[in-house]
Amino acid sequence: MLLLSDLQDGLLTLTINRPEALNALNSEVIQTLSDAIDAAAANADVRAIVLTGAGEKAFVAGADIKEFADFNGEQGKELAARGQRLLFDKVEQCRKPVVAAVSGFALGGGLELAMAAHVRVASDTARMGLPEVSLGVIPGYGGTQRLPQLIGKGKAMELILTARMMKADEALACGLVNQVVPLAELPAAAEAMARSIMKNAPTALATALDAVLAGYSREGFAAEIESFGAQFETEDFKEGTQAFIAKRKPQFPGR
Ligand code: DAK
């Protein structure tokens, strides 16, 4: 099963279960998770959601590179738009609080998913980054928008342009995650965070979520989708993704 689901006393835990591929997001995972968020939103027994990845090595190591390596620009644009609508916006716009529990790698689409959640609790082993430009692509699931919203433009620029990974202490210091705990304590800490939110009035929580989101423009997301698709037409994209699959360093032809 690609997604494990467990409901206990109003708290739904959704676990992306593809540990052999470090829980990479292929289209099936995206659709399954999207359906699960819809079901949770409609289920009065669910008061909050914890979103996590199976195994300790990764929350989610990104979009499935093997799946999109041979896409053209139009397919890239369509998939970015579809993915944003199906999953990333749906998580962010969910009117029940969503807490991401992040252990190990949260890279690319994985970090974008964690950023779409409302609160992030990480283990001290977490490694986070947007490595897309090292693959010849750009963040396509809202990362160019949500990272600056969370940590500010300057630091977000640095992370996106260098493609480097951040450790948990740095992520905490810049506000990318809300709390860092030892790995063994992560499930309990994420649950405690969710339950401390869930004890509050559900209608007030839903309205507060809406009000916070109302302050952010949607224009940047549309621009990201356009630029993301265009990047799929470049030699840099072909080289970056092929190099990942062949497990070698890319040699970017550039312009
Ligand atoms: N996709 C597919 N498979 C992945 C993967 C990924 N993102 N990440 C890891 N895997 C697979 C590896 O290929 C390997 O599979 P086998 O070789 O065993 O078959 C298995 O998971 C274990 O990974 P490693 O052997 O590489 O494990 P290591 O401990 O050596 O390294 C690592 C861990 C996280 C440093 C490494 O796996 C890594 O660099 N992974 C890729 C990280 C990354 O660049 N993620 C993608 C970022 S770009 C799109 C919209 C948005 C996006 C894309 C498309 N469309 C709308 C089309 C966003 C793109 C991204 O997320």
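Cut-offs and rules
Residues numbered from 1 in each chain as written. Predicted model: local features only at pLDDT ≥ 70, side-chain atom pairs only at ≥ 80, totals over all residues. Heavy atoms only, no water. Helix = DSSP H or I, 4+ residues; strand = E, 2+ residues; numbered from the N terminus. Rg over C-alpha atoms; globule rule 2.2 N^0.38 Å. Buried < 20%, exposed > 50% of the residue type's maximum accessible area, 1.4 Å probe, protein only. Pairing = 2+ DSSP bridges. Axes fitted to C-alpha atoms, helices over the stretch in contact; angles between N-to-C directions. Contact = heavy atoms within 4.5 Å. Polar contact = N/O pair within 3.5 Å; in protein donor to acceptor, adjacent residues only side chain to side chain. Near = heavy atom within 4 Å. Areas by Shrake-Rupley, 256 points an atom, 1.4 Å probe, with all protein chains shown as cover. 1 Å grid on protein atoms, 1.4 Å probe; cavity = no way out; pocket = protein on both sides within 12 Å on 5 of 7 lines; lining within 4 Å. Sits in = over half its atoms within 2 Å of the grid points. Nonpolar A, V, L, I, M, F, W, Y, C, P; charged D, E, K, R; others polar. Parallel < 35°, antiparallel > 145°, perpendicular 65-115°, else oblique. Left-handed = near helix turned anticlockwise from the far one by under 90°. Salt bridge = Lys/Arg side-chain N within 4 Å of Asp/Glu carboxyl O.

Asker: I keep staring at the overall build of the chain and nothing clicks. Help me out?
Answerer: Check the secondary structure of the chain and you find 11 helices and 10 strands. Taken against the 2.2 N^0.38 rule, which gives 18 Å for 255 residues, the C-alpha radius of gyration of the chain at 17 Å falls within 12% of a compact globule. If one aligns the C-alpha atoms of the chain with their principal axes, the spans along those axes are about 55 × 40 × 35 Å. Within the span of the chain, comprising 255 residues, buried residues form 50% of the whole.

Asker: How should I be thinking about the sheet that holds strand β7 (residues 119-123) in this particular structure?
Answerer: Strands sit in the order β1-β2-β3-β5-β7-β10 across an open sheet of six strands; the sheet is mixed. At either end of the open sheet lies a strand with only one pairing partner, and these are β1 (3-8) and β10 (179-181). Here the strands of the sheet are splayed against their neighbours by 20° on average, with no regard to which way each runs. Judged from the six bridges that link them, strand β2 (residues 11-16) and strand β3 (residues 48-53) form a sheet pairing that is parallel. Across the sheet, the residue bridging to leucine 11 is alanine 48, located in β3. Packing of helix α8 (residues 186-198) onto the sheet brings it into contact with β1, β2, β3, β5 (98-102), β7 and β10, and relative to β7 it is tilted by some 160°.

Asker: Sorry, what's going on with the pairing of β1 here?
Answerer: Taken residue by residue, a regular strand's side chains alternate between the two faces of the sheet. Relative to β2, β1 is paired through six bridges, and the arrangement is antiparallel. Residue pairing in the sheet places leucine 7 in a bridge with leucine 12 of β2. Counting the residues between successive antiparallel strands, the hairpin from β1 to β2 contains two residues, one of them, aspartate 9, with a positive phi of roughly 45°.

Asker: I would appreciate a short explanation of the side chain of threonine 52 in the present structure.
Answerer: With respect to the secondary-structure elements, threonine 52 resides in strand β3. Threonine 52 gets classed as buried once you look at its relative accessible area, which sits at 15%. Side-chain polar atoms of threonine 52 contact the backbone oxygen of alanine 101, separated by 2.9 Å. The residues contacting threonine 52, other than those within four sequence positions of it, are Thr13, Leu14, Thr15, Ile16, Phe59 and Ala101.

Asker: Sorry if this is basic, but what is going on with the site of the ligand here?
Answerer: Surrounding the ligand, one finds 28 residues, the nearest of these being Lys57, Ala61, Ala63, Ala80 and Gly109. Between the ligand and lysine 247 there is a distance of 2.9 Å, counted from an oxygen atom to a side-chain nitrogen or oxygen. Computed on the free molecule, the ligand has an accessible area of 1,100 Å², of which 76% lies beneath the protein chains in the complex. In this structure the site holding the ligand corresponds to the largest pocket. Of the residues belonging to the shell around the ligand, the class tally is 18 nonpolar, four polar and six charged.

Asker: Can you walk me through the packing of helix α1 (residues 27-42) against helix α3 (residues 73-93) in this structure?
Answerer: Packed helices, taken two at a time, are described by the angle their axes make and the gap between the axes. Relative to each other, α1 and α3 sit at 40°, their axes nearing to 9 Å. With respect to their mutual orientation, α1 and α3 come out oblique. Crossing angle aside, the handedness with which α1 passes α3 is left-handed. Contacts between α1 and α3 involve Ile30, Gln31, Leu33, Ser34, Ile37 and Asp38 on the former and, on the latter, Arg82, Leu86, Leu87, Lys90 and Val91. Looking at side-chain class alone, the contact of α1 with α3 contains six nonpolar, two polar and three charged residues.

Asker: Explain the pattern of salt bridges to me, please; I cannot follow it from the model alone.
Answerer: Any two side chains of opposite charge can pair, on the condition that their charged atoms come close. Tallied over the entire structure, the rule returns 12 salt bridges. A salt bridge links glutamate 226 to lysine 77; its shortest N-O distance comes to 3.1 Å. Taken together, the residues span a long stretch of sequence, with glutamate 226 in helix α10 (residues 219-231) and lysine 77 in helix α3 at a distance of 149 residues. Of the residues examined, lysine 77 reaches a relative accessible area of 27% and is grouped as partly exposed. Across the pair arginine 164 and glutamate 158 runs a salt bridge whose closest N-O atoms are separated by 2.7 Å. Shared partners join several salt bridges into a network, and the residues in it are Asp89, Glu92, Arg146 and Arg218.

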